[in-house]
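Summary of structural features
Chain by chain, the residues run as shown.
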Amino acid sequence: MSPLQKVLLILTLLFLVSVDAKRKRYIKSPRVAVPFPIFGAFDQKNPFLGIKNTDFETDFKGEWEVINPDSGVSAMQITLMPTNKIIVYDATVYRTSRLRYPEGVPCVPYIDPNSKQQLEDCFAHAMEYDIETNQVRPLKVTVDPWCSSGGLAPDGTLISSGGWNDGSKSLRYIRDSCPDCDFRESIDALQEPRWYGTQQILANGEFIMIGGRRAFSYEFIPKEGQKSTKAYFFPFLYETSDLDENNLYPFTHLMPDENVFVFANNRSLLLNPNTNKIVRTFPVLTGGSRNYPASGSSALLPIRLDDDKATSLETIKVEVIICGGNTPDAFITAEGQKVYLPALQDCARMVITDPKPVWDTEVMPSRRTMGDALNLPDGQILLINGAKKGTAGWWDAEEPNLEPALYNPDKPKGQRFKVLNPSGIARMYHSTSALLPSGKIWVAGSNTHNTYRDVDKFPTETRVEAFYPPYLDPNLNNYRPQILQDSSDKNLRYKARFEIHFSVPSGGQITKNDIKITIYAPPFTTHGFSMNQRLVVLNSGNVAQAIKGIYKVGSMAPRFPGVAPPGYYILFVVHRGVPSQGMWDKNVVLVTPLFIMEMLSCSTSYC
Ligand SMILES: *[C@@H]1O[C@H](CO)[C@@H](O)[C@H](O)[C@H]1NC(C)=O
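Residues numbered from 1 in each chain as written. Predicted model: local features only at pLDDT ≥ 70, side-chain atom pairs only at ≥ 80, totals over all residues.

The next point concerns the overall build of the chain. For the chain, the helix and strand inventory stands at four helices and 46 strands. Across the 607 residues in the chain, those meeting the buried criterion constitute 51%. The contacts of the chain with a sequence gap of at least 6 include a subset with a gap of at least 24, amounting to 64%. (Helix = DSSP H or I, 4+ residues; strand = E, 2+ residues; numbered from the N terminus. Buried ≥ 20, exposed ≤ 12 C-beta atoms within 10 Å, placed from the backbone. Contact = placed C-beta atoms within 7 Å.)

Next comes the structure, spelled out in structure tokens:
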């Protein structure tokens, strides 16, 4: 080595060390001491974080209400939009629904596969459901979105990907609500056909699309108008596919370190979407198969930023829960012999971020396949819909599970479940549910047939119900916070403090140990999995009473996009287990400076 080379090498090393030190300082540094205008004291150490006062007691076991007797389209795939409309669609393959295109909207020509004749399809297979009025507006999809996936992009556009047949490589987009806003379709945008794949948002706000039937790969969703250029082979999907597959609609969750947790059948790993490397693998979850068509469900437990240990990227704890499913052969047994094997009755939790993670299994009150696992604003998880026997697939299940189960992850094992009041309507294959800003659960769909059946043991469902979880007990209304939207901050910026104003009818002294601020990312739900769903409990400070019954609380937005990727969130103030009406209405959006810049210059596909 020449002297000059030596000097250069030393300089380079010094530079790298200093960059690394800076990075570490950035990650490890305690919360920045920005003065907090109203309270001053936003405790650096905060000894009370995580120690919350107990929830208000309620014996209310929930209530059901039919809110639309015939919505027209059976809700197979849904997303709640920031416009307070739910985008709903099922499949064009049926060529029928209970909702026709309005006068003036041209029907869709198609070739009938049997007669080879050209026919016209005048039925809507998609709609926009207004959660305030319960009215619907037909939407148009022309290529088949059957068993597709989707997600809400950071700007509030629903991007839906894949499907069947002519729709299997398609992308579809919809955003604003106006009398003639409709889907924009990109027909051949994906590299591989993706039927039963999972679309996952990444920390940069873009989406990865993983798997699909016989698609042992993943790819990235391109900007609108462009095509995806590459599919990355992902042998894990091939390895976890058994006789019945049982690994479709893989469960995926974005991790704080920006890797993607992928669970398929009974195995799981962490995938780095930037380097395409498998970062680590996890223990096998025994007991049966968890993904389609065995169809268990999965959610992340709330990510607790109010935990005083969650001070750096490395110490934020992320725990996954997977519930139900069926045995590996349950689908073939149902298809072949019309024998419906009992669904699994266990849930298993694993701390993904633990250095030595293990699955911890517990028993559910009842068996469940094809259920949804929804994060509730108060931090509990609701298991709802599904069947007690059989699997996903047409005519492949029996014994609807009519009783939701409420799961409190914070209670000791054995005391976590509470069985709630049953619905009168079977919600099995192709059913869905969604948490609304009001805290109610929107429940719809269920079609166990290859067409719309009016008369059957399990008819095609177009009735929509609302379920009122226990926290909506009217006896709790006196404690229920109401966010004062006009004076509260709405644009949350990473690492930045913000302030929420709220009122509580009961008045009285409320401390920070009574209040949780939670933000909820509304998912895309289909086939028992709510893609991109997450609930983050923010770190919040002291509560001050301005005048009687009116309070202010300071809180801090997440510091890392892997904890909460950019986009729209519903923000709740939760008072000892009693949530406010959520605030979003096109307003609560977690933004990165970069994202704002993109919005301003309108250089992205989302403009
Ligand atoms: C995992 O799933 C595969 C495919 O269904 C099955 O063959 C295997 O026995 C399962 N492993 C365990 C440990 O349960």
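The next thing to look at is the sheet that holds strand S24 (residues 360-363). The four strands lie next to each other as S20-S22-S23-S24, forming an open sheet whose pairing is antiparallel. Looking along the sheet, the strands with just one partner apiece sit at the ends: strand S20 (297-300) and S24. On average, each strand axis in the sheet is inclined to that of its neighbour by 20°, with strand direction left out of account. Here strand S23 (residues 346-351) pairs with S24 via four bridges, running antiparallel. Each residue of the ladder has a partner; that of Ala348, found in S24, is Thr361. (Pairing = 2+ DSSP bridges. Axes fitted to C-alpha atoms, helices over the stretch in contact; angles between N-to-C directions.)

Neighbouring residues of the ligand: Asp242, Asn246, Asn265, Asn266, Val284, Thr286, Ser289 and Pro328. Split by residue class, the shell around the ligand holds two nonpolar, five polar and one charged. (Near = placed C-beta within 6 Å. Nonpolar A, V, L, I, M, F, W, Y, C, P; charged D, E, K, R; others polar.)

Read across the open sheet, the four strands follow the order S8-S9-S10-S11; overall the sheet is antiparallel. Because the sheet does not close on itself, it has two edges, and the strands there are strand S8 (149-152) and strand S11 (184-186). Direction aside, the axes of adjacent strands within the sheet are offset by 20° on average. Here strand S10 (residues 171-174) pairs with S11 via three bridges, running antiparallel. Bridging across to S11, Arg172 finds its partner in Glu185.

Another point: the nonpolar core. Core analysis: the largest hydrophobic core is formed by 153 residues, its most contacted members being Val88 and Ile441. Not counting residues up to four positions away in its chain, the partners in contact with Val88 are Val73, Ala75, Ile78, Ala126, Met127 and Tyr129. (Core = buried A, V, L, I, M, F, W, Y, C linked by C-beta atoms within 7 Å.)

As a further point, take helix H3 (residues 330-337). Every buried residue of H3 is listed here: Ala330, Phe331 and Ala334. Relative to the axis of H3, the buried residues are bounded by an arc of 105° and lie together on one face. Within H3, the exposed residues directed more than 90 degrees away from the buried face are Gly336 and Gln337. Elements in contact with the buried residues of H3: strand S27 (387-390). One or two positions beyond H3, positive phi appears at Lys338, with a value near 55°. (Arc of directions from axis to C-beta.)

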